[in-house]
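What follows is each chain in one-letter form.
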Amino acid sequence: MKLPQPEEFALKETAPKIAGSGAIIDGDKLTCTYDLVEQMQYLYVRVVKARDLPGKDVTGSCDPYAEVKVGNYKGVTKHFEKKSNPEWNYVFAFSQDKLQASFVEVVVKDKDVVLDDFIGRITFDFIEIPRRVPPDSPLAPQWYRLEDKRGDKLRHGEIMLAVWKGTQADEAFPDAWHSDAAAVGRENVSKIRGKVYLSPKLWYLRVNVIECQDLNPSDKSKPPEVCVKVVLGNQALRTKMVKSVNPMWNEDLIFVVAERFEEQLVMTVEDKGEVLGKCLILLNTVHRRFDNKAVPSKWHNLEKHTVIEREKREVKFASKIHLRISLDGGYHVFDESTQYCSDLRPTSKQLWKSSVGLFELGIISAKGLSSMKTKDGRGTTDAYCVAKYGPKWVRTRTIIDSFSPRWNEQYTWEVFDPCTVITVGVFDNGHLQGGKDSSIGKVRIRLSTLETERVYTHSYPLIVLLPSGVKKMGEVQLAVRFSCSSYFNMLYKYTNPLFPKMHYVHPLSVTQLDVLRYHAIQTIAIRLGRSEPPLKREVVEYMLDVGSHLWSVRKAKANFVRVMNVLGGFIAVAKWFDQICKWKNPITTILIHILFVILVLFPELILPTFFLYLFFIGVWRYRWKPRHPPHMDIRLSHADAVGPDELDEEFDTFPTTKSSDSVRMRYDRLRSIGGRIQTVLGDLATQGERFYSLVNWRDPRASALFLAVCLVAALVLYVTPFQIVVLLVGFYVLRHPKLRQKLPSISSNFFRRLPAKTDHML
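Bear in mind that the values here come from a model prediction, so they are computed numbers and not experimental data.

A. Main features of helix H11 (residues 722-733). Helix length check: H11, at twelve residues, gives a terminal C-alpha distance of 17 Å against a target of 16 Å (1.5 Å per residue), a fit within 8%. The set of residues buried in H11 consists of Val725, Leu727 and Gly730. Those residues of H11 hidden inside the fold are in contact with helix H6 (586-601) and helix H10 (700-719).

In structure tokens:
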């Protein structure tokens, strides 16, 4: 029986004030764009430009900038050198929950070395500020005459502004300066903004190296030992060695390449380190295929010097290489583990099917986050969320210095397969201190476990495994909804292959897939790292579960328990049948006898009875169907019972950096585990070899006895109706305990005496 999780690590259902769950917020349910998050009220100030500003310097010019003040909060634009008509076009967003003021003040100042000079200002009363609700068009900015400190209008100087009240659904919200980040300098504001990223489109590049001709090695006294080295960026593969001046390989080398094909394919023919020829191939010229049809092969010239093959050129007496190169668009390029795939479509868009629905995610808030760094002598966390589904990544804005951040941001994805997983991770922004982004925890939600059109609002524990043990780093509150556009198409998906057709027609090996996945992750990390703000490598690798395939004693134990849980159902049926055979409950045994006789006499009822039984089991268990999405289970993962030595091994680098004593201890432990597995495998092999020895005359007496029994059984079964035989065998198996003996059966005794190949083992 599975023990429940501790309350600290359990999933908790929440009831946030969101329109999608049926709650009406301030009468704005119909006009609320974000219905899976709580509305956050903001005061927006757009400072567009100024004109005809009076000069404050000796030269009669000014270096103007604008300052927006709301209570204790102050936002500042950049300043311009010697410009009386500056253009800023800057938006400030002030959270109304934290404002303690009744008016907004916009001040224009002249930047100076010692003390900035006052140019003019304009004020707005909160009561007079209009409210804007999308999808209304943006509020048009207006020109306002600047006032002096006494409130009198200036003769010269105007500023163009727009001031309004709104929510996070406003179009200006993503790129605005936020009062939550008032402590962040203007140069770092871009590093904390929320953004949407797209992974590059990845292809499998198949290079079929067929043969070379007319190689010209420097040492002609013996045949060269030739191989072909193919390099694409940081990926390099080699063919096997062949001794010949006209070698043949016919080997396939697979690479991962991202559009827009910035790298070139470098082919080098080598003889023990000596370069016999080289050519560069532009990927834009490579044939793209969507199925398993053969691609035309092509001869390429091999030159001692690098030559980019843009067009056909005749070169006399040049060595040549025969290649078949293609970009295979019929595969799905794996960047995630196959257990947590968020996208299963092939690379080629021509092979995509229509979507089956929409998935909406509301990232509401987090609470109880752990301190991730130290600032001014105290712990702090600058938290943001990243969600990944398919090629689309989303990143929320960073909430500065808060252990209970409120994001209230909503995102939408198209769903092409319901049997996919979305991953949501929480991170600490380390860019402000010049460090790495630290992971706080992540959540996975499988879309197929969600009911359509239902809004799920839960607080998910952020559970991580540290070298010191399992720890809860806080909770993140999410609201999710899976909407189905075509129920028939979604059900039809369950009958289709999980992966694209090419994975079955021309499958790649498990080793190839692991290597290609590693290169795909590195390619994605490089591309997303070029964005602004960059999605850092450590974030990408954490979201894509780099290193999840490495050995771990904890995972091995957890998987063993999972296997035993799967077999538990069969074991329970076997125990129940054993109780029937031993007449533990006579009434049940008699009923089983009656059912058995009916099924033997009317065998056409066997399959209908079986499927009807499964139907009633499913209907009976409907009352206990899961009401909440699945979440990480520390007991199933064996995270709560793992020892310090096992944790030390799990967090070690690959290859190891530990001392020889630690490695020796781990090796001995692995040997003991392997010894037990070896014993089980040996027992299984022994039983199989005994079965084969029945007719191979390894034990002549046992084989003769078995063949004699087979002959008698054949004659008896030939003259006896099959239903009578089944009834007799069934009654014998279900016989009363008084007719049984505690000794093993004759057939069991005979089978255990058969020889196996254990005698041949050293």
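B. Spotlight on a nonpolar patch on the surface. Taken together, the side chains of Ile587, Ile590, Leu591, Ile594, Ile598, Leu601, Phe602 and Leu605 present a nonpolar region at the surface, about 740 Å² in accessible area. Leucine 591 sits in the exposed class, given a relative accessible area of 53%.

C. Fine view of the UniProt feature "transmembrane region" (unreviewed entry) in the chain. Those residues carrying the UniProt feature "transmembrane region" (unreviewed entry) are residues 590-620 and 704-734 in this numbering. Helix makes up 87% of residues 590-620 and strand 0%, with an end-to-end C-alpha separation of 24 Å. Annotation note: span residues 704-734, helix share 90%, strand share 0%, distance between end C-alpha atoms 30 Å.

D. Inspection of the sheet that holds strand E29 (residues 438-446) at higher detail. The five strands are arranged E11-E26-E25-E28-E29 in an open sheet whose pairing can be described as antiparallel. Edge positions in the sheet fall to strand E11 (195-198) and E29, since each of these pairs with one other strand and no more. Strand-to-strand twist in this sheet, taken as the mean axis angle between neighbours without regard to direction, amounts to 20°. As paired strands, E11 and strand E26 (residues 392-395) are joined by four bridges and run antiparallel to one another. Opposite tyrosine 197, over in E26, you have tryptophan 393 as the bridge partner.

E. Summary view of the packing of H6 against H11. Remark: H6 packs on H11, axes separated minimally by 10 Å, with the N-to-C direction vectors making an angle of 165°. Between H6 and H11, the angle falls in the class roughly antiparallel. Remark: the crossing between H6 and H11 carries right-handed chirality. Of H11, the residues touching H6 (which contributes His593, Phe596, Val597, Val600 and Leu601) are Gln723, Val726, Leu727, Gly730 and Phe731.

F. Local environment of empty space enclosed by the protein. For the structure on display, the rule yields two cavities of 30 Å³ or more. The volume enclosed by the second largest cavity comes to roughly 40 Å³. Contributing to the lining of the second largest cavity are Lys191, Arg395, Asn429, His431, Asp437, Pro533, Pro534 and Lys536. Its residues assigned to classes, the lining of the second largest cavity shows two nonpolar, two polar and four charged.

G. Layout of the pattern of salt bridges. Going through the model one piece at a time under the given rule, you end up with 47 salt bridges. Two residues, glutamate 475 and lysine 12, come together in a salt bridge whose shortest N-O distance is 2.9 Å. Here glutamate 475 is found in strand E31 (residues 469-484), whereas its partner lysine 12 is found in strand E1 (residues 12-13), with 463 residues between them in sequence. Its salt-bridge partner being arginine 150, residue aspartate 148 comes within 3.6 Å of it at the nearest N-O pair. Here aspartate 148 falls in the buried class, since its relative accessible area comes to 15%. Residue arginine 150 is classed as exposed on the basis of its relative accessible area of 71%. One network of salt bridges, with partners in common, ties together Lys12, Lys367, Lys472 and Glu475.

H. Structural detail: the domain arrangement of the chain. Structurally, the chain comprises domain 1 (41-191), domain 2 (202-328), domain 3 (350-544) and domain 4 (553-760). For domain 3 versus domain 4, the separation of C-alpha centres amounts to 39 Å. At the interface, 17 residues of domain 3 touch 14 residues of domain 4. Together domain 3 and domain 4 conceal approximately 1,300 Å² of surface at their shared face, both sides included; 70% is due to carbon and sulfur atoms. Our enumeration of links across domain 3 and domain 4 arrives at one salt bridge. In this structure, glutamate 451 and lysine 625 form a salt bridge, with 3.1 Å as the shortest nitrogen-oxygen distance. Joining domain 3 to domain 4, the criterion identifies three residue pairs in polar contact (both at pLDDT 80 or more).

I. Inspection of the side chain of lysine 493 at higher detail. The topology assignment puts lysine 493 in helix H1 (residues 487-493). In terms of polar contacts, lysine 493 uses its side chain to reach the backbone carbonyl oxygen of phenylalanine 416, at 3.4 Å. The residues touching lysine 493, leaving out its near neighbours within four places in the chain, are Lys353, Val356, Phe416, Asp417 and Pro418.

J. Geometry of the UniProt feature "domain: C2" (unreviewed entry) in the chain. As annotated by UniProt and renumbered to match this structure, "domain: C2" (unreviewed entry) occupies residues 24-144, 183-300 and 340-460. The distance separating the terminal C-alpha atoms of residues 340-460 is 18 Å; by composition the span is 0% helix and 50% strand.

K. Quick peek at the packing of aromatic side chains. All chains considered together, the criterion is met by 22 aromatic pairs. For the pair tyrosine 384 and phenylalanine 427, a centre-to-centre distance of 5.8 Å together with 25° between the ring planes defines the contact as stacked. Of the two residues, tyrosine 384 is situated in strand E25 (residues 383-389) and phenylalanine 427 in strand E28 (residues 421-428); the sequence distance between them amounts to 43 residues. The same class applies to tyrosine 384 as to phenylalanine 427, namely buried. Ring geometry for phenylalanine 488 against tyrosine 492: centres 6.5 Å apart, planes inclined by 10°, an arrangement best described as stacked. Of this pair, phenylalanine 488 and tyrosine 492 both sit in helix H1, four residues apart, which is roughly one turn of that helix. Take phenylalanine 488: its relative accessible area is 62%, and that puts it in the exposed class.

L. Representation of the layout of surface pockets. Space inside the second largest pocket adds up to approximately 1,300 Å³. Lining the second largest pocket are 48 residues, and of these Asp343, Leu344, Arg345, Pro346 and Trp352 sit closest to its centre. Here the lining of the second largest pocket is built from residues that sort into 22 nonpolar, twelve polar and 14 charged. In terms of domain composition, the lining of the second largest pocket takes at least three residues from each of domain 2 (202-328) and domain 3 (350-544).

Criteria and cut-off values
Residues numbered from 1 in each chain as written. Predicted model: local features only at pLDDT ≥ 70, side-chain atom pairs only at ≥ 80, totals over all residues. Heavy atoms only, no water. Helix = DSSP H or I, 4+ residues; strand = E, 2+ residues; numbered from the N terminus. Expected span 1.5 Å × (residues − 1). Buried < 20%, exposed > 50% of the residue type's maximum accessible area, 1.4 Å probe, protein only. Contact = heavy atoms within 4.5 Å. Patch = residues over 30% accessible without salt bridge, like charges linked within 9 Å, V, L, I, M, F, W, Y side chains within 5 Å. Areas by Shrake-Rupley, 256 points an atom, 1.4 Å probe, with all protein chains shown as cover. Salt bridge = Lys/Arg side-chain N within 4 Å of Asp/Glu carboxyl O. UniProt positions renumbered as here; feature names shortened; annotations may be inferred. Pairing = 2+ DSSP bridges. Axes fitted to C-alpha atoms, helices over the stretch in contact; angles between N-to-C directions. Parallel < 35°, antiparallel > 145°, perpendicular 65-115°, else oblique. Left-handed = near helix turned anticlockwise from the far one by under 90°. 1 Å grid on protein atoms, 1.4 Å probe; cavity = no way out; pocket = protein on both sides within 12 Å on 5 of 7 lines; lining within 4 Å. Points joined across faces, edges and corners; volume = space filled by probe spheres on them. Nonpolar A, V, L, I, M, F, W, Y, C, P; charged D, E, K, R; others polar. Domains from an automatic or database assignment. Buried area = accessible area lost by both parts, 1.4 Å probe. Polar contact = N/O pair within 3.5 Å; in protein donor to acceptor, adjacent residues only side chain to side chain. Phe/Tyr/Trp six-rings, centres within 6.5 Å; stacked < 30°, edge-to-face > 60°.

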